[in-house]
Amino acid sequence: MSLTDKAIEQIRELIRTGALPPGSKLPPEQELAGQLGLSRNLAREAVKALSVARVLEVRRGDGTYVTSLQPSLLLEGLGGAVELLQSDSAALLDLMEVRRLLEPVATALAATRITDAQLAEVKQHLDAMREARDDVERLNAHDAAFHRAVVSATGNESLLTLLEGVSGRTLRARIWRGLVDTHAAGRTLAEHEAIFRALSRRDTALSQAAALLHVSSTEQWLREHLDSTDTDTDTGA
């Protein structure tokens, strides 16, 4: 572990133990360095790194504060990292795999917690998808909103943020599928209708199965299409 990493860990320990609770102000740089037995340069580098991670917030002319430490804030950077991975086919498939592992379970959890108002919001996006079936981008925008509404119904902010970072960032691949596969819109609608029906019944097993079928079909199409693209490239086709 580098000296900077050790300095970061020392500040994180102060936050973990409650010595620096959310919203609190850090001591001035020189005082912080002395308190932790660090050089000012190491203290400064640690603060910079934790600021990038959204653990700390540097306010010019005021000082450095511990942020709210809310999951939506701390995990916000995940989406940006995922965005950078999308040009890599293997990484994109990995993301689809992560989505397959998380989203069906999240949908099952939503079935146990979803309110009538939340179910109405899911239906609203499903209806919008039906109306937009000939407009790939609009269809997929409401597709993403449909899934966000479902996961939001779990009430688990960490789960929502994680899936937003992964699932939301695969939207480009799903639009690509809609442009290439003329039957994609019909299948997508049917799969979403199955998810909605299962949620309406508050059936956890059926909700999980419907979501798994939907995510798996998208992942399988993508794997097959990327394989055929790679083969065409290899053969010069």
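Rules and cut-offs
Residues numbered from 1 in each chain as written. Predicted model: local features only at pLDDT ≥ 70, side-chain atom pairs only at ≥ 80, totals over all residues. Heavy atoms only, no water. Core = buried A, V, L, I, M, F, W, Y, C linked by side-chain atoms within 4.5 Å. Buried < 20%, exposed > 50% of the residue type's maximum accessible area, 1.4 Å probe, protein only. Helix = DSSP H or I, 4+ residues; strand = E, 2+ residues; numbered from the N terminus. Contact = heavy atoms within 4.5 Å. pLDDT = per-residue confidence, 0-100.

**A word on the nonpolar core**
Now for step 1: Counting 19 residues, the largest nonpolar core has Val 122, Phe 146, Val 150, Ile 195 and Leu 199 as its most contacted members.
Now for step 2: Counting residues per element, the ones that place at least two in this core are helix 6 (89-113), helix 7 (116-131), helix 8 (136-152), helix 11 (184-200) and helix 12 (204-235).
Now for step 3: For this core, the element with the highest residue contribution is helix 11, accounting for five residues.
Now for step 4: Among residues more than four places away in sequence, those in contact with Val 150 are Thr 107, Ala 110, Val 122 and Leu 199.
Now for step 5: Ile 11, Leu 26, Val 47 and Leu 50 belong to the second-largest nonpolar core, a separate cluster that totals 17 residues.

**Quick notes on the confidence of the model for the chain**
Now for step 1: For the chain, mean pLDDT is 84; residues scoring 70 or higher make up 81% of the total.
Now for step 2: Across the chain, the secondary-structure element scoring lowest on mean pLDDT is helix 5 (residues 77-85), at 51, and the one scoring highest is helix 7, at 96.
Now for step 3: Residue range residues 231-237 is modelled with pLDDT below 50. Its contacts to residues more than four positions away, or to other chains, number one contact.

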